[in-house]
Amino acid sequence: MEFEENYWWDSKFSGLKFVGSTDGKRYVFAVSRTALVDFFQTVDTPEQAILNFEENRSRFESMVQRFVIGERFPHDDGPIVVTFLRCIEYQL
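Before going into details, it helps to say that this report is about the structure given with it. (Residues numbered from 1 in each chain as written. Predicted model: local features only at pLDDT ≥ 70, side-chain atom pairs only at ≥ 80, totals over all residues. Heavy atoms only, no water.)

We now examine the overall build of the chain. A tally of regular secondary structure across the chain gives 4 helices and 4 strands. Starting at the N terminus, the α and β elements of the chain follow one another as β-β-β-α-α-α-β-α. When the 92 residues of the chain are sorted by exposure, 35% land in the buried category. Residue pairs at least 24 apart in sequence account for 45% of intrachain contacts in the chain once pairs closer than 6 positions are excluded. Roughly 5500 Å² of accessible area belongs to the chain as shown, and the carbon and sulfur atoms make up 47% of that amount. (Helix = DSSP H or I, 4+ residues; strand = E, 2+ residues; numbered from the N terminus. Buried < 20%, exposed > 50% of the residue type's maximum accessible area, 1.4 Å probe, protein only. Contact = heavy atoms within 4.5 Å. Areas by Shrake-Rupley, 256 points an atom, 1.4 Å probe, with all protein chains shown as cover.)

Walk down a regular strand and you will see the side chains alternate between the two sheet faces. As defined by bridge partners, strand S2 (residues 15-22) adjoins strand S3 (residues 25-32) across 8 bridges and the pair is classed as antiparallel. Pairing of Val-19 across the sheet is with Val-28, part of S3. (Pairing = 2+ DSSP bridges.)

Ranked by size, the top nonpolar core spans 20 residues in total, and within it Phe-18, Phe-60, Met-63 and Val-82 carry the most contacts. Elements with a contribution of two residues or more to this core: S2, S3, helix H1 (33-38), helix H2 (46-55), helix H3 (57-71) and strand S4 (80-82). With 5 residues, H3 is the largest single contributor of residues to this core. Not counting residues up to four positions away in its chain, the partners in contact with Val-82 are Ala-30, Val-31, Ser-32, Ala-35, Phe-60, Met-63, Val-64, Phe-67 and Cys-87. (Core = buried A, V, L, I, M, F, W, Y, C linked by side-chain atoms within 4.5 Å.)

Counted under the stated rule, the structure contains 4 salt bridges. Glu-4 is paired through a salt bridge with Arg-26; the nearest N and O atoms lie 3.5 Å apart. Here Glu-4, found in strand S1 (residues 2-10), pairs with Arg-26, found in strand S3; they are 22 residues apart in sequence, far enough to count as distant. The class of Arg-26 is partly exposed, set by a relative accessible area of 45%. Here Asp-10 makes a salt bridge to Lys-17, at a shortest N to O gap of 2.8 Å. When sorted by exposure, Asp-10 lands in the same class as Lys-17, which is buried. (Salt bridge = Lys/Arg side-chain N within 4 Å of Asp/Glu carboxyl O.)

This next bit is on the pairing of S2. Extensive coverage of S2 is indicated by the burial of 6 of its 8 residues. Alignment of S1 against S2, held across 6 bridges, turns out to be antiparallel. From the neighbouring strand, Glu-2 faces S2, where its bridge partner is Ser-21. Adjacent in sequence and paired antiparallel, S1 and S2 are bridged by 4 residues, among which Ser-14 carries a positive phi angle near 65°. Where S2 folds back on S3, the antiparallel hairpin that results is connected by 2 residues, among which Asp-23 adopts a positive phi of roughly 50°.

Okay, here's the thing in structure tokens:
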């Protein structure tokens, strides 16, 4: 899976989004602020959530790649949400 360099904060979702593609299919991933701060046990602010993502981006990319392939998510059903429980389940 190849990941686009850009990512963005989505205030309406209250989390961070990033994009990856494989086999000509584009996937949008949405990582909740709660997952970003609770998993890493840091202060609950958007700034800290973004920092946690930046510092652990390769781990998030590896995790979403595993669950897209393993669970065969469709690529056109909207963002695939990464929750705190998924972080635990996939041993982020």
